[in-house]
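So the chains spell out like this:
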Amino acid sequence: MEEEIRQIARRLSMYYALLWIVPLIGMVFFETDILPAGVWADNGSATYVAETVGILLAMACIPLSLWLFNLVLVKKINLLPLADAMRLYKRWAGIRLLLLGVTVCVNLLIYYMTLNSTGGLAALIALTASLFCLPGEKKVRSDLHVTTEEV
């Protein structure tokens, strides 16, 4: 059981690192002109639509990722036996990080395509929200209500 908790924490830490590394790689590609920036900068309607989509995505995914995980944790995961709870916890924590990661990447793409700070701000908000999802063994134990004596 102890090893499974460590494995869940390591896997979630890897997902969390990817949440930060993938946008950084994208930023490097855009800043070094490997990917073209400002493609929609002169198109007002494309900029408006892209920024609206980015803002709506951030408005939907950030609270959803935090609220939905907590809801599933309270209503489902805490009621299951520990083995099933760990499996479900790993899945939903991954989904939460995926929602935040998609929000960050889409808004960063919008930022570079429109050269307007709205997408960058929404990406920064999503990255800030990810700080509330920082994984670790202590967090996994706390969420699953597992003490070292039980394991």
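This one's a predicted model, so the numbers in the text were calculated from it and none came from an experiment. (Residues numbered from 1 in each chain as written. Predicted model: local features only at pLDDT ≥ 70, side-chain atom pairs only at ≥ 80, totals over all residues. Heavy atoms only, no water.)

Roughly 160 Å³ of volume is contained in the largest pocket. Surrounding the largest pocket, Y15, L18, L19, V22, P23, G94, L97, L98, G101, V102 and C105 form its lining. Of all the secondary structure elements, the ones that give two or more residues to the lining of the largest pocket are helix 1 (2-31) and helix 3 (82-114). A class-by-class count of the residues in the lining of the largest pocket yields nine nonpolar, two polar and no charged. (1 Å grid on protein atoms, 1.4 Å probe; cavity = no way out; pocket = protein on both sides within 12 Å on 5 of 7 lines; lining within 4 Å. Points joined across faces, edges and corners; volume = space filled by probe spheres on them. Helix = DSSP H or I, 4+ residues; strand = E, 2+ residues; numbered from the N terminus. Nonpolar A, V, L, I, M, F, W, Y, C, P; charged D, E, K, R; others polar.)

Okay, unusual backbone geometry next. Residue D33 is not a glycine yet carries a positive backbone phi of 65°. The topology assignment puts D33 in the loop between helix 1 and helix 2 (44-75). A positive phi angle is found at L115, which is not glycine, with a value near 55°. Looking at the secondary structure, you find L115 in the loop between helix 3 and helix 4 (117-130).

One pass over the structure, following the stated rule, counts three aromatic pairs. Ring geometry for F30 versus Y112: centroids 4.6 Å apart, planes at 5°, classification stacked. One end of the pair, F30, is in helix 1; the other, Y112, is in helix 3, with 82 residues separating them in the sequence. Across the pair, Y112 and F30 agree in class, each one buried. On the basis of an interplanar angle of 65° and a centroid distance of 5.5 Å, the ring pair of F69 and Y89 is categorised as edge-to-face. Of this pair, F69 sits in helix 2 while Y89 sits in helix 3; the two residues are 20 residues apart in sequence, bridging distant segments of the chain. For F69, a relative accessible area of 4% translates into the label buried. What makes Y89 buried here is its relative accessible area of 2%. The ring centre of F69 lies 3.9 Å from the NZ or CZ of R96, which sits over that ring. (Phe/Tyr/Trp six-rings, centres within 6.5 Å; stacked < 30°, edge-to-face > 60°. Buried < 20%, exposed > 50% of the residue type's maximum accessible area, 1.4 Å probe, protein only. Lys NZ or Arg CZ within 6 Å of the ring centre and 35° of its normal.)

The topology assignment puts L80 in the loop between helix 2 and helix 3. For the pair L80 and L144, spaced 64 residues apart in the sequence, the C-alpha separation amounts to 10.0 Å. Leaving out residues up to four positions away in the same chain, L80 has contacts with A85 and L88. (Contact = heavy atoms within 4.5 Å.)

Per the counting criterion, the structure on display carries two cavities of 30 Å³ or more. Each pocket or cavity is described by its volume, and for the largest cavity that value is around 40 Å³. Among the secondary structure elements, those contributing two or more residues to the lining of the largest cavity are helix 3 and helix 5 (137-144). Here the lining of the largest cavity takes four residues from helix 3, the largest share from any one element. When grouped by side-chain class, the residues that make up the lining of the largest cavity number seven nonpolar, one polar and two charged. As for the second largest cavity, its lining consists of L64, S65, L68, F69, W92, I95, R96 and L99. Every element with two or more residues in the lining of the second largest cavity is listed here: helix 2 and helix 3.

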